Amino acid sequence: MPPRQVRGEATPAGRALRKLRGLVADKKSGSDRTDKWTVALTVVSLMAGGIVFAGVVDRWSGADSGELTASSVEATQSTAEMQAEENSEYTYVTPTVVYPTSIPGCTSVESPGDGLSSISYWASGAQTYDDPRFPWFSGPKATVMSEAVQRSLPASAVIEFASPERSLNFGPLHVPSESSELPEGFSLEEMADTTAAATLVRDGKVGALSIRVTSHTGPVPPCIAGSLIERRTLTDGSVVDAQDTWSETNGVRTLSRSALLYGADRTFIQASATDAVYSGSPGVEISGMVPLTVEELIALVSLPQLRITAPVPPGTAPIQPGCQGSTLDPSGRKLDRGTVDELGRALQSGWRAAPPGMPALEPALGTLVLAESDTTTACQDLVARSGGNESDLSVSITSGQPLPKAPNKYDPSYDGHPKSVVTAEDGAVIVRDEDSYSVMPMGNGEGTREATSKQSRSVALTRPDGTRVSVRSSAASSNEPMTFEQLEFLATIDGLEIR
C-alpha cells in the first residue's frame, strides 16, 4: 500500500497556511507598550478526544513579519480529506498507516478511520503575561520555564543567535477573545497557551524546536494508529505520547518528531522538532536532520518547571520581552552577537556620562537584542522615570540606511512631519519629529474601553556610512515624553556604528 497522498489544498493545514501567508503579508501594527493583539491560526486535529495543535501565530507582538512560527502538524487524514484535486499542482504525502497494529505502552490501538476530524480555527485575542483568569502563568513563570528548557538542551544543540521570541523564551499567554467562537469540545482554558521556539544548530545542521504549554480538561486520548510510536506513563500518572514521522509537500520531505504530555495536574505540553527552518524568501531550508531525538523531547515535556502547578521561586524577575525596532526597510547587514554586545557596551559607556536631569531608565540601558523578525536591527525597549513622570523609550540601531532629505515645507503635500532635518558637520543627518495620537486599549472581555491620548517625540540620526540610530519616547497625556535634547544625547553617543 503506497503512502497516503493528498492533492491541492485538501488538508486543512494546507488551506490554512496559504490563507495565513496572505494575512501576514497585509498585517500592520504599531510599537507602543499597549495590550498587543494578534490574529491567530490554530489547526486543530481532534483525535478521538485527543489534541494535537499546529499553531501558526506571531506570538510576541503585532509586528509585521514574514515568518511563520509553526509547531508540527501531526494530523492523520480522514477518507474525505484523501480526495484528490486533479487540477492542482500541490501534493501532500504522509506515511502509510498500518492497522491493525500494536504500539509500545498502549493497551489497545484504535483505527485512524472515522475517529478523526480536522478543522481550521481562527481567533483574535489579547497577549499578556498576567491574566487573572489563568493564574498559573505570569512573567516570572515564563522566566522559570524558559530557563529550565534552555538548560535542559543537549550541549551539542546550540540555540542560533536570534531575537528573544526566537531564542526559546516563552511568550505572552495568547487568549482568544470572549467573542471568539471556540472549536466544539474545547474550552477557553485549553485554547489559552504560551509558546517558545528557536532554531537549533547541531553537528553543523539546523532544525526547529517549538514548545507549547496550556492546560487540558479532558481524559487522555486513546492510542490511534499512525499518531504515535510510543506511549509512556510517568510515576505521577502523567502520560507522554511520542511521534517520529515525515511528510512530503510537493515532493519535498520534512522530518519531524514530537512529544506530548498529558499531565496528571491538567498540564498539556507539546514539544515538536523538525528539520525544516524558515529561511526568508523564498521559503524553508531543509537540513535532513531533526535537532533533537525522541528521548530528548520526552525529557523536555517532563520538566517539572513547565507544569502549570509548579511554584515560582520568590523574587524571580519577569521575563524580558523583545522589541520591534523601527526599521521600515531592513537593508543592512545581518548582526551577530558580538556586534550587538559591542553596541550595548557603547550605550552603557555613553549613558554613564549623561548630563544632570536625565531620567532613570529601567531596565538598564545597553541590554540590546535583535529586533523581532529583523536580523539587521538591534533594539531595546525601556521605561524612563523622572519624579512622577513616566514615559516609554525605544532605542533602535541598524545599517544600510540612506541619508534623509529635508522636505520642502512650502510643498502643499507637506503635513508638518518631520519637524526638522539638520545635517551635522560630520555629514550625519538628524531628524526630529513629534506627534499626538490616541490609543484604544485591547483586551478580552466586554467592559468599556476608553481611548488614551498619547504624545511622542523621536530623534533619528543617520550617518554617512548608513548606520541609523532611532530613539523614540512616548507618554500618556498625564505625562511628558523625554525632550528632544535628551533623545539626541542618546542618538549621538559615541561608538554606535555598524561597520
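Predicted model only: the values in this text are computed from it and were never measured.

Caption draft 1: Local environment of helix H2 (residues 139-152). Helix length check: H2 (14 residues) gives 20 Å between terminal C-alpha atoms against 20 Å at 1.5 Å per residue, within 8%. When H2 is considered as a whole, its buried residues turn out to be Gly 139, Lys 141, Ala 142, Thr 143, Val 144, Met 145, Ser 146, Ala 148 and Val 149. The elements touched by buried residues of H2 are strand E9 (194-202), strand E10 (205-215) and helix H4 (294-301). The backbone nitrogen of Lys 141 lies 3.2 Å from a side-chain oxygen of the residue at the head of H2, namely Ser 138.

Caption draft 2: Focus on the state of the cysteines. For the structure shown, the criterion picks out two disulfides. Covalently, Cys 106 is tied to Cys 223 through a disulfide, its sulfur atoms 2.1 Å apart. Across the S-S bond of Cys 106 and Cys 223 the torsion is about -85 degrees, and the bridge reads as left-handed. With Cys 106 in the loop between strand E4 (91-94) and strand E5 (109-110) and Cys 223 in strand E11 (residues 223-224), this pair connects stretches of sequence that are 117 residues apart. According to the relative accessible area criterion, Cys 223 is buried, its value standing at 3%. Paired through a disulfide, Cys 323 and Cys 379 show a sulfur-sulfur distance of 2.0 Å. Given an S-S torsion of about 95 degrees, the disulfide between Cys 323 and Cys 379 has right-handed geometry. Taken together, the residues Cys 323 in the loop between H4 and helix H5 (337-352) and Cys 379 in strand E20 (residues 374-386) connect sequence positions 56 residues apart. Judged by relative accessible area, which is 3%, Cys 323 ranks as buried. Cysteines bonded in the protein are numbered consecutively along the chain; their disulfide partners then correspond to 1-2, 3-4.

Reading the values: rules and limits
- Residues numbered from 1 in each chain as written.
- Predicted model: local features only at pLDDT ≥ 70, side-chain atom pairs only at ≥ 80, totals over all residues.
- Heavy atoms only, no water.
- Helix = DSSP H or I, 4+ residues; strand = E, 2+ residues; numbered from the N terminus.
- Expected span 1.5 Å × (residues − 1).
- Buried < 20%, exposed > 50% of the residue type's maximum accessible area, 1.4 Å probe, protein only.
- Contact = heavy atoms within 4.5 Å.
- Polar contact = N/O pair within 3.5 Å; in protein donor to acceptor, adjacent residues only side chain to side chain.
- Disulfide = S-S within 2.5 Å.

Such coordinate-based values are descriptive only and should not be taken to indicate function.
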